[in-house]
Amino acid sequence: MAHRPFRADAVSVRLSMSNREPLPPVKVRNSGPEPVAAPAPHVTARLDIPALLTRLTLEEKAQLLDGSDFWRTQPVERLGIPAIMLSDGPHGLRKQREGGDHLGLLDSVPATCFPPAAALASSWDTALLARVGEAIGRECRAERVSVVLGPGVNMKRSPLCGRNFEYYSEDPALAGELGAAFTEGVQSQGVGVSVKHFAANNQETDRMTVSAEVDARTLREIYLPAFETVVTRARPWTVMSSYNKVNGTYVAESRELLTGILREEWGFDGLVVSDWGGVSRRARSLTAGVDLEMPASGGAGTEDILEAVGSGRLSESDLDTAVARVLTLVDRASVAAGAAPSFDADAHHELAREAALAGAVLLKNDDGILPLDPAGGGRIAVIGEFARTPRFQGAGSSQVNPTRVVTALDALRTAVDGRREVVFAPGFEVESETADPALVAEAVRTATDADVAVLFLGLPPSYESEGYDRAHMDLPAHQLELLDAVAAANPRVVVVLSNGSAVCLTPWQERARAVLEGWLLGQAGGDALADLLLGVANPSGRLAETIPLRHEDTPAFGNFPGAFGRVHYGEGLLVGYRWYDTRRMPVAHPFGHGFSYTTFSYDGLDAVIRSDGAEPEVEVTVTVTNTGDRTGTETVQLYVTDPESTVLRPAQELRAFARVTLEPGGSSPVTLTLGRRAFAFWHEALERWVVEGGTFGLRVGASSRDIRVETAVTLTGDDAVLPLAPDSPAEEWLAHPSAGPWLRDAVGDEGFGAILFDPDSGQMMRAIPLRRLSRFPGFPLSEGQIDDAVIRFGETAV
Ligand code: BGC
């Protein structure tokens, strides 16, 4: 892909192709929510599903599997089956007013705009995610929305993915834990979620048609586990099938993914809804496992289903199963029906502020330039349009109409409250691609002689959006020129970033004393940034994605976004830090990194094997101490390594984490528990998870590159016996618990045996399939004996 320099005209072409508009200018309001729209009809009574299945006509059943408009299911009035409403999400409710599309073009009712997933994830705080989920659940109930379309737990395969701001992490364990907590929060309110976009939807380019070409192990270890955790732990009401294909098959037509893995392996008991407009062949998608097609297909879906039942392509029992799932969803929604409670917009704004505080990441802080003293020192020069016109969420279907928006400039002025002078210069126009000399000169004047220049830089809204990917990882060049000019006038520069996914910081970050990664922080982001800059709050965010040195270093570089309808996941398992750490590459800021205004020490690491064998359980305890002079929160990260393995394992993998808040001098033990999956890999030949016996490293630290204490445990592991075939290499026969001794006996120590069993020189011969060895003159076993042995020992193969 050509990494073209960003130009305004290029953007407008891309925007019109993707039918998206850049974010409209922020409307700053100080009032609470506007009057809400008339409530939608809602469920009041529980449904008798078996009885309904006998009373519904075939046509009514087929219709129930289709939407009635953009956002509602079909009602069947004669049987008292109401319609329920689904709406976007996920970082706030986006309930469109009547007649709405799904593209985010029309206005939606006011709702609290929490920080989008990229920032929420940087909190690493599952309890916070649950509380945000609860709040969104409350807002859904107030609007009589039964299902919120999120969380998005897709992996950040490339920083260029235009929708990364809607996803949590490059790490499946982190994304899974956060997604499960969010789901539990929403669903505690009697409102369902739709975990999306299942699966391997990791780019926006050709998102509706591209085939993610990904091997089975990578799918199992990287792209599916976050969904698996949410499904098995939090029991989401619905899962959304993604637009793309996986290995040539549309996900919406993949029985393997939607039924085999999701339902049969993971035990999913909810409903699968298509992504909006993600169905082409309705009957086929129904057989695969898509229960509900959204939005309304204009009758096409119903017709296809009826035709398929008529011609015998689709059984009525398959139809009934899907209908029962729709009715179960409608029924679940009825639990929270009745009077719609209103929500406390002020309390939710406060929660949005708390979430924003937790999500910003202090990437660097040379000489402790931050926090700024709110009462002492000279002028604070605030520079950059984003301080006045914040970018606090991304564009597309997730775009919330906020109940209010606080700018960092206002929040700083309010917090300083006249004790210091705060002066502002916009420095640049957000969507321009060239410097404005007058604005630069004004910014330089403002910075000169100030105590500190706080520079708000970031990505213009049009750079990242649902519907298209970024072309590069850079900030607009004119913003960096502004940084140069300001830093020349005043070296005490603090940069605050607004961006939905990683941007390149090198080499410009050397010109800043501190960098605060603000991501997109939601409607209360301004408040949170002021609190963090002034030390009212202590930064605790940690990177949920690596910030690489260069785009060229990223794992998917050269394999993103693919061509001719296919994208090859060539980096395999080595996504995110797994790539940089395994290849020992330098990065700008590692996964898990984030400074605090205090410091922490780690000691007394202890690992206890609570159980070994089939279900290993290891308890890891470490003592964390706040060694600085401010209360702060540390995120303890536990990485597991498997240094000796028959297959490639990433250098280390995050398997558990916990946050701990400590007062100065305070100390606390932190215990993390590792189960079987923390040590397992997906065995492609056996098609199951395998723990290979041996020693595993346990590395505990403050980031993937800041490991403070290490230990190891030795586990027995599984009996993973490969099935034998005549063409299995002699090596595999010898490794087999019963065929191995048989083969040793049969070959003996002389002749062939002397070579075959020699630890070094025998390697070449052990690689030969046994059947072919039998043809060598003098080999003591015939092909027939080998065939017999396959039958004899085959039964022991697992
Ligand atoms: C997006 C989904 C969204 C849906 C409804 C689709 O285009 O991919 O994430 O929930 O529209 O707006």
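All of these numbers come straight from a predicted model, not from anything done at the bench.

Enquirer: What's the story with the overall build of the chain in this structure? I'm lost.
Expert: Of regular secondary structure, the chain possesses 24 helices and 26 strands. In terms of overall dimensions, the chain is globule-like: its C-alpha atoms have a radius of gyration of 29 Å, near the 28 Å expected for 798 residues. With the C-alpha coordinates aligned to their principal axes, the bounding extent of the chain is approximately 95 × 70 × 50 Å. Relative to its full complement of 798 residues, the chain shows a buried share of 62%. Taking all contacts inside the chain whose residues are at least 6 apart in sequence as the whole, residues at least 24 apart take part in 75%. For the chain, the exposed surface amounts to about 28,700 Å²; the carbon and sulfur share of it is 51%. Between the centroid of the 73 positive side chains of the chain and the centroid of its 107 negative side chains there is a distance of 3 Å.

Enquirer: How should I be thinking about the environment of Ser122 in this particular structure?
Expert: Note that Ser122 resides in the loop between helix H4 (117–121) and helix H5 (126–142). The spacing of Ser122 and Pro491 is 369 residues in sequence and 29 Å in space, taken between C-alpha atoms. Filtering out sequence-adjacent residues up to four positions away, Ser122 remains in contact with Ala358, Gly359, Val361, Trp519, Gly541, Arg542 and Ala544. At 3.0 Å, the side chain of Ser122 forms a polar contact with the backbone oxygen of Ala118.

Enquirer: Looking at this structure, how should I read the confidence of the model for the chain?
Expert: When pLDDT drops low, the exact placement of atoms in the prediction is not to be read closely. Looking at the chain as a whole, its pLDDT mean stands at 92, while 93% of the residues score no less than 70. Long-range and interchain partners of residues 1–43, a stretch whose pLDDT sits below 50, account for 80 contacts in this model, where long-range means more than four residues apart.

Enquirer: Teacher, can you tell me more about the pattern of salt bridges here?
Expert: Here the idea is simple: oppositely charged side chains can pair when their charged atoms come close. What the rule picks out here adds up to 55 salt bridges. Close ionic contact of Asp346 with Arg404 constitutes a salt bridge, the shortest N to O distance being 2.6 Å. You can see Asp346 sitting in helix H13 (residues 345–359) and its partner Arg404 sitting in the loop between strand E12 (401–402) and helix H14 (408–416), a full 58 residues away along the chain. One salt bridge connects Asp642 with Arg649, and the closest N-O pair in it is separated by 2.9 Å. Given the relative accessible area of 10%, Asp642 is considered buried. Residue classification places Arg649 among the buried residues on the basis of a relative accessible area of 9%. Linked through salt bridges whose partners overlap, the residues forming this network are Asp171, Arg578, Asp642, Arg649, Glu653 and Arg655.

Enquirer: Teacher, can you tell me more about the site of the ligand here?
Expert: Of all residues adjacent to the ligand, which total 15 residues, the nearest are Asp88, Arg163, His197, Tyr243 and Asp275. Asp275 places a polar side-chain atom, nitrogen or oxygen, 2.7 Å from an oxygen atom of the ligand. Notes on the ligand: free accessible area 310 Å², of which the protein chains cover 100%. Taken together, the residues of the shell around the ligand break down into five nonpolar, three polar and seven charged.

Enquirer: Which parts of the structure should I look at to understand the domain arrangement of the chain?
Expert: The figure often quoted for interface size is the accessible area lost as the parts come together. Looking at the chain, the domain boundaries give domain 1 (52–335), domain 2 (359–561 + 578–582), domain 3 (600–715) and domain 4 (730–792). Taken over C-alpha atoms, the centre of domain 3 sits 41 Å from the centre of domain 4.

Enquirer: I would appreciate a short explanation of unusual backbone geometry in the present structure.
Expert: Excluding glycine, residues mostly carry a negative phi; peptide bonds, for their part, are mostly trans. Omega for the peptide link from Gly89 to Pro90 comes to 0°, which places this bond in the cis form. Geometrically, the link from Phe560 to Pro561 is a cis peptide bond, its omega value of 5° lying close to zero. Backbone geometry at Asp206 places phi at a positive 55°, although glycine is not the residue there. Tracing the backbone shows Asp206 in the loop between strand E4 (192–198) and strand E5 (211–213). A positive phi angle, near 50°, is found at Phe564, a position not held by glycine.

Enquirer: Could you clarify how one ought to interpret the environment of Ala121 in this entry?
Expert: Residue placement: Ala121 occurs in helix H4. Relative accessible area serves as the criterion here: at 0%, Ala121 is assigned to the buried category. In sequence terms Ala121 and Phe776 are 655 residues apart; their C-alpha atoms lie 61 Å from each other. If we skip the residues at most four places from it in the chain, Ala121 touches Tyr168, Leu178 and Ala544.

Enquirer: It is not clear to me how the sheet that holds strand E19 (residues 617–626) should be interpreted in this structure. Could you clarify?
Expert: Across a sheet, strands are paired by hydrogen bonds formed along the backbone, either parallel or antiparallel in direction. Spatially, the three strands line up as an open sheet ordered E18-E19-E22, and their pairing is antiparallel. Every interior strand has two partners, whereas the edge strands, strand E18 (600–611) and strand E22 (667–674), have only one. Recorded for the sheet is a direction-independent mean angle of 20° between the axes of neighbouring strands. Relative to E19, E18 runs antiparallel, the two being bridged by nine bridges. Within E19, the position partnered with Val608 by the bridge is Glu619.

Enquirer: What am I meant to see in the pairing of strand E11 (residues 380–383) here?
Expert: For a regular strand, side-chain orientation follows a simple rule: the groups alternate between the two sheet faces. Because side chains alternate across E11, one face comprises the buried residues Ile380 and Val382, and the other comprises Ala381 and Ile383, equally buried. As paired elements, E11 and strand E13 (residues 422–425) share four bridges and run parallel to each other. By the bridge assignment for E13, Ala381 is matched with Val423.

Enquirer: Explanation requested: the pairing of strand E25 (residues 694–703) in the structure shown.
Expert: The buried count for E25 comes to seven of ten residues, which makes it a mostly enclosed element. Direction of pairing for strand E20 (residues 632–641) relative to E25: antiparallel, over a ladder of five bridges. Along E25, the bridge assignment pairs Leu638 with Val700. Hairpin connection between E25 and strand E26 (residues 706–715): a loop of two residues separates the two successive antiparallel strands.

Enquirer: Sorry, what's going on with the nonpolar core here?
Expert: Soluble globular proteins tend to bury their nonpolar side chains together. Counting residues in hydrophobic clusters, the biggest one holds 115 residues, and the most contacted among them are Val132, Tyr168, Phe198, Trp276 and Leu327. In contact with Leu327, other than residues within four places in its own chain, are Leu47, Ile49, Leu52, Leu53, Leu56, Leu64 and Ile81. With 76 residues, the next largest nonpolar core counts Ala387, Val430, Ala512 and Ala514 among its residues.

Rules and cut-offs
Residues numbered from 1 in each chain as written. Predicted model: local features only at pLDDT ≥ 70, side-chain atom pairs only at ≥ 80, totals over all residues. Heavy atoms only, no water. Helix = DSSP H or I, 4+ residues; strand = E, 2+ residues; numbered from the N terminus. Rg over C-alpha atoms; globule rule 2.2 N^0.38 Å. Buried < 20%, exposed > 50% of the residue type's maximum accessible area, 1.4 Å probe, protein only. Contact = heavy atoms within 4.5 Å. Areas by Shrake-Rupley, 256 points an atom, 1.4 Å probe, with all protein chains shown as cover. Lys, Arg positive; Asp, Glu negative; His and termini not counted. Charge placed at Lys NZ, Arg CZ, Asp CG, Glu CD. Polar contact = N/O pair within 3.5 Å; in protein donor to acceptor, adjacent residues only side chain to side chain. pLDDT = per-residue confidence, 0-100. Salt bridge = Lys/Arg side-chain N within 4 Å of Asp/Glu carboxyl O. Near = heavy atom within 4 Å. Nonpolar A, V, L, I, M, F, W, Y, C, P; charged D, E, K, R; others polar. Domains from an automatic or database assignment. Pairing = 2+ DSSP bridges. Axes fitted to C-alpha atoms, helices over the stretch in contact; angles between N-to-C directions. Core = buried A, V, L, I, M, F, W, Y, C linked by side-chain atoms within 4.5 Å.

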